[in-house]
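In case you want the letters, here they are:
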Amino acid sequence: MPIQYYIYFCLALFSIGVVGVLTRRNAIIVFMCIELMLNAVNLLLVAFSKMYNGIALQNGASVTAGIDAQIFVFFIMVVAAAEVSIGLAIIVMMYRNTHSIDINFLNRLKN
Amino acid sequence: MGIMKVLVGFIILWPLAGFLFNGLGRNYWSKKVIAYKATGYIVASFIASIFAFIYVQEHGATTVHYFDFINTATVKIPFDFKVDALSSLFLLVITGVGSLIHLYSTAYMKEEAAPHYARYFSYLNLFIFSMLILVLGDNYVVMFIGWEGVGLCSYLLIGYWFTNGNYNYAAKKAFIMNRIGDLGFLLAIFWLIVKLGSVNYSEVLTAESLSKLSSADITGITLLLFVGAMGKSAQIPLFTWLPDAMAGPTPVSALIHAATMVTAGIYMITRSNLLFSHSELTQNVIAIIGISTALLAATIAIKQNDIKKVLAYSTVSQLGYMFLGLGVGAYSGAVFHVITHAFFKALLFLGAGSVIHAMHHEQDIRKMGGLKSKLPITHLTFLIGCIAIAGVPPFSGFFSKDEILAAAFAKSPIYWVLGVIGAAMTAFYMFRLYTTTFLGKFRGSSDQENHVHESPLAMTLPLILLAIASALAGAIGIPEMMGGHHWLSHNLIPIVGEPIELGLSHSLEWTLMAVSVSIAILALLFAISIYKKKTDEEPLTALGKFLYHKWHIDELYNEGIVQPLNRFAGFLKDIIEKQVIDGAVNGTGKLIQYSARKVRLIQNGQVGYYILFMVFGIILLFMIWFNDISILLFFNKLTKN
């Protein structure tokens with residue numbers, strides 16, 4: 001499959017994530033949108049890795065060429081998981097305190 | 001060489017020591033100590049000058065090197081002094097007349113409090129120091145140092161009575177007008193450095209350096225030098241400061257504004273005569289300005305009633321004669337006139353000071369009269385001064401003035417005719433001054449009459465010595481046609497070259513002399529006969545008023561130069577400064593404050609907005625980083641693969 005399909009798809013996915021973060025007020029949905037953006041990047045990394053690997057194989061390079069990008073994907077997943085656990089914990093604490101998970105509600109912290 | 005180094009050091013450092021002594025210790029010394037020290041230092045300097053003069057007569061010109069003032073790859077300006085026939089003559093005049101005037105001042109300034117007395121003498125010593133630097137310097141830069149020094153001292157001494165606002169204005173006027181001239185001098189120095197890379201007389205004033213300069217260069221340099229001389233020596237158009245400079249104490253007028261400083265311009269041109277002789281244009285300009293100044297100032301002097309103002313305009317007029325002499329190439333004649341003028345004009349000023357002293361600071365000659373019997377010594381010496389300046393033989397003024405006039409006739413008879421008219425006016429106003437002051441009846445208050453007294457010995461002794469000098473100084477320049485030797489012009493041959501051959505027959509010269517002398521004598525007799533009985537009251541005729549108001553030149557300068565400059569400065573201050581520059585500065589501040597007030601509303605606490613702007617920012621960055629085309633190329637490249 002041509003690489004630009006992946007790019008357009010990831011662009012779309014990332015944009016949905018961005019728009020979601022910008023427009024939604026529900027903290028959990030914002031969280032999900034962030035995940036969406038992360039995964040768009042992950043997907044793009046894998047796609048480029050694969051493409052580069054294919055070109056390298058044609059030029060007679062080793063089979064492992066370009067797979068370090070896929071290693072990055074795992075790192076990102078791990079970080080995302082850690083972030084989610086902290087984030088959800090914050091949301092839970094927020095809910096206990098305010099009985100709401102509306103992020104705009106939190107702007108009262110200003111001043 | 002070795003002796004000269006010590007000698008020149010003595011000549012220069014004695015006055016400096018006097019300046020430091022009196023300047024730093026002005027609150028500690030008694031007046032007696034101050035007077036003895038200040039006068040003693042100048043007399044010591046005079047004695048050293050005599051030795052230097054004798055040395056030069058025997059061994060010729062000497063240059064002494066002290067240290068390098070400026071030393072770069074392209075320009076070397078050593079701090080050298082040159083003692084030759086010209087500068088040793090000036091040394092004698094400066095320190096000699098200077099000593100007498102110091103002595104005179106000790107009595108004249110007696111009423112001053114000790115600190116001011118010390119201040120006065122320290123300025124006077126500093127002046128002598130600067131003047132010595134001026135004439136001794138071996139290059140134009142050292143001369144310029146002295147040149148500025150004398151200007152400063154002139155300013156300080158004119159404004160000596162600084163509590164009087166008018167005197168301060170007079171001091172400022174003198175300083176500023178001198179600065180205009182100094183700018184010309186500076187530019188000439190820069191021009192010399194650019195073209196020749198040197199300002200030493202020994203390198204500039206040679207045939208070799210003349211060949212490196214185009215005639216335009218020579219004309220430009222000499223004209224600029226002349227502008228400097230114009231300011232210092234009070235020539236048209238920069239002469240109006242000198243009459244106002246009479247605000248200073250009278251001995252100051254005698255020393256600075258008659259005998260020495262104002263002749264610095266003549267010294268400078270005589271020193272650079274090689275350059276000036278090679279520019280016909282400059283010589284004509286100098287001669288024309290000189291003779292016009294001589295006539296203009298003489299006409300003004302006829303109608304002035306302040307004893308010092310008459311003498312001041314007379315000085316301007318005599319300086320005009322000297323410049324006429326320089327312009328027609330009679331350099332030794334000009335120097336001769338400088339020397340005789342230094343004697344008789346210092347004498348006249350000191351005599352005027354003695355009169356003012358006796359009259360308790362009355363300077364208006366209409367309120368004097370009949371002082372002949374009350375001030376016998378002052379009267380006699382003043383009369384000798386008047387005869388000398390009027391050009392009556394065998395007094396000194398006759399010889400020097402006639403030498404200039406003869407040279408002027410050789411150049412153009414018109415100069416001679418104008419010069420003789422000027423000489424007649426000189427005789428007229430000097431004897432108007434003399435007659436009104438000393439003859440007739442006393443016209444002051446009876447209180448003044450009772451207090452009129454002859455001055456003390458410290459004041460009359462300088463008068464007597466200067467009177468002798470004024471009477472006899474002509475002896476150094478008796479022309480050969482009278483069987484003399486003209487010692488002065490022979491002495492100056494190393495500097496100004498052989499005296500120019502005038503091409504006039506002896507009988508013609510005798511005739512010219514007889515005409516000018518008889519006209520002068522007629523003028524002076526005429527003046528005596530008019531003013532014996534009456535004085536000049538406020539002038540009634542239009543011409544009289546015009547002359548009384550000094551041709552309205554001060555008003556002309558005020559309207560033509562000062563006021564427009566003031567208005568321009570006002571425009572800069574009110575419009576450019578307050579509105580444009582302040583407006584720009586304040587506007588920037590206001591703009592920032594205003595925009596900050598608006599922009600800070602964006603920070604509203606809504607996280608969503610922050611993220612939105614972040615996204616916009618990122619997009620913007622992308623657009624800047626990879627502009628549209630490169631993004632397209634990026635995608636195209638991907639497509640090809």
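Residues numbered from 1 in each chain as written. Chains lettered and ligands numbered in written order. Predicted model: local features only at pLDDT ≥ 70, side-chain atom pairs only at ≥ 80, totals over all residues.

1. What about the overall build of chain A?
Working step 1: Along its length, chain A carries three helices and zero strands.
Working step 2: Going residue by residue from the N terminus, the α and β elements of chain A occur as α-α-α.
Working step 3: In terms of overall size, chain A is more extended than a compact globule, its C-alpha atoms giving a radius of gyration of 19 Å where 111 residues would be expected to give roughly 13 Å.
Working step 4: Considering only C-alpha atoms, chain A reaches an extent of 60 × 25 × 25 Å along its principal axes. (Helix = DSSP H or I, 4+ residues; strand = E, 2+ residues; numbered from the N terminus. Rg over C-alpha atoms; globule rule 2.2 N^0.38 Å.)

2. Quick notes on the overall build of chain B
Working step 1: What chain B contains, in helices and strands, is 28 helices and two strands.
Working step 2: Dimensions along the principal axes, computed over C-alpha positions, put chain B at roughly 120 × 65 × 55 Å.
Working step 3: For chain B, the proportion of its 641 residues judged to be buried stands at 49%.
Working step 4: Across chain B, every contact between residues at least 6 apart in sequence was considered, and the portion connecting residues at least 24 apart equals 81%. (Buried ≥ 20, exposed ≤ 12 C-beta atoms within 10 Å, placed from the backbone. Contact = placed C-beta atoms within 7 Å.)

3. Brief notes about the domain arrangement of chain B
Working step 1: When the domains of chain B are assigned, the result is domain 1 (1-214 + 229-252), domain 2 (279-539) and domain 3 (603-641).
Working step 2: Inter-centroid distance (C-alpha atoms) of domain 2 of chain B to domain 3 of chain B is 94 Å. (Domains from an automatic or database assignment.)

4. Thoughts on the pairing of strand E1 (residues 62-71) of chain B
Residues and elements named next belong to chain B.
Working step 1: With one of 10 residues buried, E1 lies mostly on the surface of the structure.
Working step 2: Bridging between E1 and strand E2 (residues 76-83) involves eight bridges; their strand directions are antiparallel. Bridge pairing in E2 places His 65 opposite Asp 80.
Working step 3: In textbook terms, the turn of a hairpin is the stretch between consecutive antiparallel strands, and for E1 and E2 this stretch comprises four residues. (Pairing = 2+ DSSP bridges.)

5. Some remarks on the nonpolar core
Residue and element names in this part refer to chain B.
Working step 1: By size, the foremost hydrophobic cluster in this structure holds 203 residues, and its most contacted members are Leu 132, Leu 324, Ala 346, Ala 427 and Phe 428.
Working step 2: Counting residues per element, this core draws most heavily on helix H16 (residues 331-358), which supplies 17 residues.
Working step 3: Here this core spans two domains, since at least three of its residues come from each of domain 1 (1-214 + 229-252) and domain 2 (279-539).
Working step 4: Once residues within four sequence positions are removed from consideration, Leu 132 is found in contact with Ile 11, Ile 12, Pro 15, Leu 91 and Ile 94. (Core = buried A, V, L, I, M, F, W, Y, C linked by C-beta atoms within 7 Å.)

6. Some details on the packing of helix H15 (residues 307-327) of chain B against helix H18 (residues 396-411) of chain B
All names here are of chain B.
Working step 1: It is at 9 Å that the axes of H15 and H18 come closest, and there the two elements cross at 45 degrees. Between H15 and H18, the crossing angle belongs to the class labelled oblique. Between H15 and H18 lies a crossing whose hand is left-handed. Contacts between H15 and H18 involve Tyr 321, Leu 324 and Gly 325 from the first element and Lys 401, Ile 404, Ala 407 and Ala 408 from the second.
Working step 2: For the contact of H15 with H18, a count of residues per class yields five nonpolar, one polar and one charged. (Axes fitted to C-alpha atoms, helices over the stretch in contact; angles between N-to-C directions. Parallel < 35°, antiparallel > 145°, perpendicular 65-115°, else oblique. Left-handed = near helix turned anticlockwise from the far one by under 90°. Nonpolar A, V, L, I, M, F, W, Y, C, P; charged D, E, K, R; others polar.)

7. Let's talk about the environment of Leu7(B)
Residue and element names in this part refer to chain B.
Working step 1: Within the secondary structure, Leu 7 is located in helix H1 (residues 2-24).
Working step 2: You can call Leu 7 partly exposed: it has 18 C-beta atoms within 10 Å.
Working step 3: Spatially, the C-alpha atom of Leu 7 lies 44 Å from that of Phe 438, the residues being 431 residues apart in sequence.
Working step 4: Excluding residues within four positions of it along the chain, Leu 7 makes contact with Ala 48, Phe 51 and Ala 52.

8. What about the confidence of the model for chain B?
All names here are of chain B.
Working step 1: Confidence along chain B averages 88 in pLDDT terms, with 97% of residues attaining 70 or more.
Working step 2: Predicted confidence in chain B is weakest over helix H28 (residues 628-640), with a mean pLDDT of 64, and strongest over helix H5 (residues 140-158), with 94.
Working step 3: Reported confidence for the predicted complex is 0.75 by ipTM and 0.79 by pTM. (pLDDT = per-residue confidence, 0-100.)

9. Quick notes on helix H24 (residues 506-531) of chain B
All names here are of chain B.
Working step 1: With 26 residues, H24 extends 37 Å between its outermost C-alpha atoms, agreeing within 8% with the 38 Å of an ideal straight helix rising 1.5 Å per residue.
Working step 2: Taken together, the buried positions of H24 are Met 513, Ser 516, Val 517, Ala 520, Ala 523, Leu 524, Ala 527 and Tyr 531.
Working step 3: Packing partners of the buried residues in H24 comprise helix H17 (376-390), H18 and helix H19 (413-438). (Expected span 1.5 Å × (residues − 1).)

10. Some thoughts on unusual backbone geometry
Trans is the prevailing form of peptide bonds, just as negative phi is the prevailing case for residues other than glycine.
All names here are of chain B.
Working step 1: A cis geometry characterises the amide bond from Ile 236 onward to Pro 237, with omega recorded as 5 degrees.
Working step 2: Tracing the backbone through its elements, the reader meets Pro 237 in the loop between helix H9 (215-232) and helix H10 (241-244).
Working step 3: In this model, Pro 393 is joined to Pro 394 through a cis peptide bond whose omega is 0 degrees.
Working step 4: Within the secondary structure, Pro 394 is located in the loop between H17 and H18.
Working step 5: With a phi close to 55 degrees, His 360 is a non-glycine residue in the positive phi region.
Working step 6: Relative to the helices and strands, His 360 resides in the loop between H16 and H17.
Working step 7: Positive phi, close to 55 degrees, is recorded for Lys 550, a residue that is not glycine.
Working step 8: Examined against the element boundaries, Lys 550 turns out to sit in the loop between helix H25 (542-548) and helix H26 (553-599).

11. Let's talk about the environment of Ala38(B)
Residue and element names in this part refer to chain B.
Working step 1: Inspection of the secondary structure puts Ala 38 in helix H2 (residues 31-59).
Working step 2: For Ala 38 and Ile 384, which are 346 residues apart along the polypeptide, the C-alpha to C-alpha distance reads 29 Å.
Working step 3: For Ala 38, the contacting residues outside a window of four places in its chain are Gly 18, Asn 22, His 102, Phe 121, Leu 124 and Asn 125.

12. Observations regarding helix H21 (residues 457-472) of chain B
Residues and elements named next belong to chain B.
Working step 1: Between its first and last C-alpha atoms H21 spans 22 Å; for 16 residues at 1.5 Å apiece the expected length is 22 Å, and the two agree.
Working step 2: Of the positions making up H21, those classed as buried are Met 459, Thr 460, Pro 462, Leu 463, Leu 466, Ala 467, Ala 469, Ser 470 and Ala 471.
Working step 3: Looking at the buried residues of H21, the elements they touch are helix H3 (85-108), H16, H17 and H18.

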